[in-house]
Amino acid sequence: MSATSRASNHPLMHQWMPFTANRQFLEQPRIIARAEGVYYFNTRGEKLLDGSSGLYCIPLGHGRPEIREAVTRQMEELDYAPPFQFGVPAAFQLAAELAQMLPVGLNRVLFASSGSEAVESALKIAIQYHRARGQGARQRLIGRERGYHGVNFGGWSVGGMVNNRKGFGVGLPGVSHLRHTKIAENQFEMGEGTHGANLADDLQRFVDLHGADTIAACIVEPIAGSTGILVPPKGYLQRLREICTQHGILLIFDEVITGFGRTGQAFAADTFSVVPDIMTMAKALTNGCIPMSAVAVREDVQQTILDSAPPDTVELYHGYTYSAHPAACAAGLATLKIFREEDTFARVRALAPAFLEQVGAFRDLPYVTDTRGFGLLGAIDLEPRGKPGERGFKVLCKAFEAGLVLRNAGDTIVLAPPFAASTDEISQMLEITRRVIISA
Ligand SMILES: Cc1ncc(COP(=O)(O)O)c(C=O)c1O
């Protein structure tokens, strides 16, 4: 019987799984039944280390009781209220707390539910901002090759991962892409690469080609995550900032992965000392347990949009049914409280050097072609064997059998340990990864 006909009778066939080889999955399902701390449990009750913090979203580990209890209390008090024309206390409090935590100047916050929604919101705000200040011709958006900004039309259009683009048509018009920053000169360099700051000058070339007065925004992930952890070359983000400032282009940092401590500071903007005009965040905002995302904008960006609308009218025709959902706000408040009280990001700074050293040590394997990392993000490139991505996927499957959940981006193996992991647990993650890579 072919895989397709076997799949059509399978008891698990009704869920169309996202970003998954569905037919292959049904042949060998990988089911996660339970989680606690930095461990998952499979259906046989066996432990698996969570080497990727869920999808980079569970830095504090699974099942933090403070978050669960805060959500429960909120659900008992107020389970839902419409976010258009009405407000809930927890949402204002969360926005105010985020404004405290964000880089100075980014102090207006709009909520959504996913990273993709945050990105769409950010792009729309950027275009509307320019329109509001009388520069409506600024509609072009600049993204970057190998970037990932979610799966909605705006996000994949500015994103630069071919498989996420090619099946879905032509995308938004007026989008250009900077070159990505993975260059041979920085091979095996952990941390920021020494070479490649000049790649930011691609933005200047777009200015020269199209005219600054047609460009609304430039969006990048400070560290490109989903494509396999591309750390910015030293000086690269500063250069992007300079060009944006010089030409009135809004700089958007997509901090959906890097936000909330992953790089050792609250945001990568803090770590790299470059403040964008707009920032998107999600994932760790609620420690992953309730979907939530946010867009932070400079006060004057919001004010410009507010001032341009006639009095007593809606200024931004945008929002979601689940924007600022009370349960998500409660989870966010409880998560931020833990970050503050436990000085969580200091823990990342303490764990990162040994983690990065261990990731870098994979260079001794002959078929490892690069290692990269920053903070608690690490990547190991494997020489492809068979089809592109086949070897990486094999490592993911074998790791699951060996007691570790990790991620592969094609033939790149990615580790992003929860900040709650101990040094021993992180070492164990890397030991399993090594064993599995050798045997796969
Ligand atoms: C940088 C970045 N932006 C946007 C997204 C999309 O987030 P979501 O999957 O919640 O829509 C992701 C998801 O991994 C991401 O890494």
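Residues numbered from 1 in each chain as written. Predicted model: local features only at pLDDT ≥ 70, side-chain atom pairs only at ≥ 80, totals over all residues.

Engineer: Mind showing me how you'd approach helix H5 (residues 89–101) here?
Structural biologist: For H5, which comprises 13 residues, the first-to-last C-alpha distance of 19 Å matches the rise-based estimate of 18 Å (1.5 Å per residue) to within 8%. Restricting attention to buried positions, one finds in H5 the residues Ala-90, Ala-91, Leu-94, Ala-95 and Leu-98. One side of H5 carries all its buried residues, which in axial view fall inside an arc of 135°. Away from the buried face of H5 by more than 90 degrees, exposed residues Pro-89, Ala-96 and Gln-100 are located. Packed against the buried residues of H5 are helix H4 (65–77), strand E4 (106–112), strand E10 (293–298) and helix H13 (326–341). (Helix = DSSP H or I, 4+ residues; strand = E, 2+ residues; numbered from the N terminus. Expected span 1.5 Å × (residues − 1). Buried ≥ 20, exposed ≤ 12 C-beta atoms within 10 Å, placed from the backbone. Arc of directions from axis to C-beta. Contact = placed C-beta atoms within 7 Å.)

Engineer: Quick question: what am I supposed to make of the domain arrangement of the protein here?
Structural biologist: Interface size, as often reported, equals the accessible area lost upon joining of the parts. Along its sequence, the protein is carved into domain 1 (31–51 + 343–439) and domain 2 (66–341). On a C-alpha basis, the centres of domain 1 and domain 2 stand 27 Å from each other. Contact with domain 1, which involves 23 residues of that partner, is made by 19 residues of domain 2. At the level of secondary structure, the elements contributing two or more residues to the side of domain 1 that touches domain 2 comprise helix H14 (344–360), strand E11 (368–374), strand E12 (377–382) and strand E15 (412–415). Per element, the largest residue contribution to the side of domain 1 that touches domain 2 is eight residues, and it comes from H14. Grouping the amino acids of the side of domain 1 that touches domain 2 by side-chain chemistry returns twelve nonpolar, seven polar and four charged. (Domains from an automatic or database assignment. Nonpolar A, V, L, I, M, F, W, Y, C, P; charged D, E, K, R; others polar.)

Engineer: What am I meant to see in the site of the ligand here?
Structural biologist: What surrounds the ligand is a group of 14 residues, the closest being Ser-114, Gly-115, Ser-116, Gly-150 and Val-256. With three residues, the top contributor of residues to the shell around the ligand is helix H6 (residues 115–132). (Near = placed C-beta within 6 Å.)

Engineer: I tried to follow the sheet that holds strand E14 (residues 407–409) on my own but got confused; where do I start?
Structural biologist: By way of backbone hydrogen bonds, the strands of a sheet pair with one another, either parallel or antiparallel. Sheet architecture is open: four strands sit in the order E11-E12-E15-E14, paired in antiparallel fashion. Across the chains shown, the open sheet's two edge strands, defined by having one partner strand only, are E11 and E14. Each adjacent strand pair in this sheet contributes to an overall mean axis angle of 20°, direction not counted. Relative to E12, E11 runs antiparallel, the two being bridged by six bridges. The residue of E12 that forms the bridge with Thr-371 is Ile-380. (Pairing = 2+ DSSP bridges. Axes fitted to C-alpha atoms, helices over the stretch in contact; angles between N-to-C directions.)

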